[in-house]
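Okay, here's what each chain looks like letter by letter:
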Amino acid sequence: MIFILQMTQEKVVLNTNKWIDNYADYMYNYAIVRVNDSDLAKDLVQDTFFAGLKSAKNFQGKSTERTWLVSILKRKIIDHYRKINSKKGKAEVRMNFYEDGENEGNWLEERVPQSWNNQSEKSIENQELKTQLESCIDALPEKYAMVFRMKTIQEFETEEICKELDITASNLWVIIHRARTQLRKCMEDNWFNS
Amino acid sequence: MFKSFRITCNEATTICDKNQYGEATLLEKLKLNMHFIRCKICFSYTKQNMTLTKIYKGHAKSCKEIKHCMPTKDKDLLKEELSKLKL
């Protein structure tokens, strides 16, 4: 199906027959690095194409077809993020590392950093270490894992993540902090002192 | 004056995490270093955090080398679904 949109003088052609061949891989890769779940990434891409098809008449040709589709995909990712953000339960669990109060040194005894036996620097390329790290990231609440992956693994700019997920910078740093403290504990228990 | 430089362990570790990405401000770094004078636990947390950052960076490097492609089977299914929607 080809949509031809008449603009002032020029014609904008949207060739939906070629969407899968031209953009499926790019969009799938775009989605999976953000959600780290292949099934979810496939669903998001599918929803994007469906939404694109439905609103094809609104395409004005101000950007390329791919940019337009990616902007729809971004919206879908934000919707997903908001959905998991509003979920009760796992996402609400917070590990408390400190006693209440404003003084320094008020770490809870069981949360105080332990000395580590396993010297990690020697093992950075170790596959087992990567597997353990992935399993610790997967154990994080979904929204923490998503933000942590985008910032730390995919190395996105803070501003870009805030824009994509519609959160403030201070929000992002609180999430990163909680993610990292929980990850540290997980790695301490399962790698460094296991 | 120095009272305004005092931060809690929660704030200190948050700044420490931010600093791992090179995004802590000069004032935040100053507060963090002053906190270290009083708090050995946060100092130890920071040292370990740096080790973890090295691990995360190593992992990030290997992850970035992977390009994910949608399986052909799923592309075919998606083509079918799209063509149904077009009818």
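Predicted model, so just to flag it, every value in this text is computed and none were measured. (Residues numbered from 1 in each chain as written. Chains lettered and ligands numbered in written order. Predicted model: local features only at pLDDT ≥ 70, side-chain atom pairs only at ≥ 80, totals over all residues.)

**Things to note about the confidence of the model for chain B**
Residues and elements named next belong to chain B. The cut-off we apply is this: pLDDT is a residue-level measure of predictor confidence that goes from 0 to 100. Only DSSP runs of H or I reaching four residues or more are called helices, and only runs of E reaching two or more are called strands; each is numbered from the N terminus.
Confidence in the prediction for chain B averages 89 pLDDT; 97% of positions are at 70 or higher. Here helix α4 (residues 72-86) stands out as the element of chain B with the lowest mean pLDDT, 88, in contrast to helix α2 (residues 26-38), whose mean of 94 is the highest. Confidence estimates for the predicted assembly give a pTM of 0.74 and an ipTM of 0.81.

**Things to note about the interface of chain B and chain A**
Cut-off, in case you're wondering: In this description, any two residues whose backbone-derived C-beta atoms lie within 7 Å of each other are considered to be in contact. Any residue that is not Ala, Val, Leu, Ile, Met, Phe, Trp, Tyr, Cys, Pro, Asp, Glu, Lys or Arg is counted as polar, Gly included; the first ten are nonpolar and the last four charged.
Facing the 38 residues of chain B at the interface are 42 residues of chain A. Breaking the side of chain B that touches chain A down by element, the ones donating at least two residues are α1 (9-19), α2, α3 (40-64) and α4 of chain B. Ranked by residues supplied to the side of chain B that touches chain A, first place goes to α3 of chain B with 14 residues. Class assignment for the residues of the side of chain B that touches chain A results in 15 nonpolar, 12 polar and 11 charged.

**Regarding unusual backbone geometry**
The phi angle of most residues is negative, glycine excepted, and most peptide bonds adopt the trans form. Residues and elements named next belong to chain A. So the rule is basically this: Here exposure depends only on C-beta density: within 10 Å of a residue's C-beta, 20 or more other C-beta atoms make it buried, 12 or fewer make it exposed, and intermediate numbers make it partly exposed, the C-beta atoms being placed from the backbone.
Even without being glycine, Asn36 reaches a positive phi, approximately 50°. Within the element layout of this structure, Asn36 appears in the loop between α1 (19-35) and α2 (38-54). Among the residues examined, Asn36 registers 20 C-beta atoms within 10 Å and is labelled buried. The phi angle at Asp166 is positive, at roughly 60°, despite the residue not being glycine. Structurally, the position occupied by Asp166 is in the loop between α6 (158-165) and α7 (169-192). Asp166 gets classed as exposed once you count the C-beta atoms within 10 Å, which come to 12.

**What to know about the packing of α2 of chain A against α4 of chain B**
Quick note on the threshold: Comment: axis = line fitted to C-alpha atoms, over the contacting stretch for helices; angle = value between 0 and 180 degrees taken between N-to-C directions. For classification purposes, an angle smaller than 35 degrees is called roughly parallel, one larger than 145 roughly antiparallel, one from 65 to 115 roughly perpendicular, and anything else oblique. By convention the crossing between two helices is left-handed if the near helix lies anticlockwise of the far one by an angle smaller than a right angle, and right-handed if it lies clockwise.
Contact geometry for α2 of chain A and α4 of chain B: axes closest at 11 Å, N-to-C directions at 25°. With respect to α4 of chain B, the axis of α2 of chain A lies roughly parallel. Considering only the axes of α2 of chain A and α4 of chain B, their crossing is right-handed. Contacts between α2 of chain A and α4 of chain B involve Lys42, Gln46, Phe49, Phe50 and Leu53 of chain A from the former and Asp74, Leu78, Glu81, Leu82, Leu85 and Lys86 of chain B from the latter. The class makeup of the residues in the contact of α2 of chain A with α4 of chain B is six nonpolar, one polar and four charged.

**Topic: the domain arrangement of chain A**
Interfaces are frequently sized by the accessible area removed from exposure as the parts join. Residues and elements named next belong to chain A. Where we set the bar: The domain boundaries here were taken from an automatic or database domain assignment.
By domain assignment, chain A separates into domain 1 (2-86) and domain 2 (90-192). Listed by partner, the interface residues are 10 residues for domain 1 and 11 residues for domain 2. Taken together, the residues of the side of domain 1 that touches domain 2 break down into six nonpolar, two polar and two charged.

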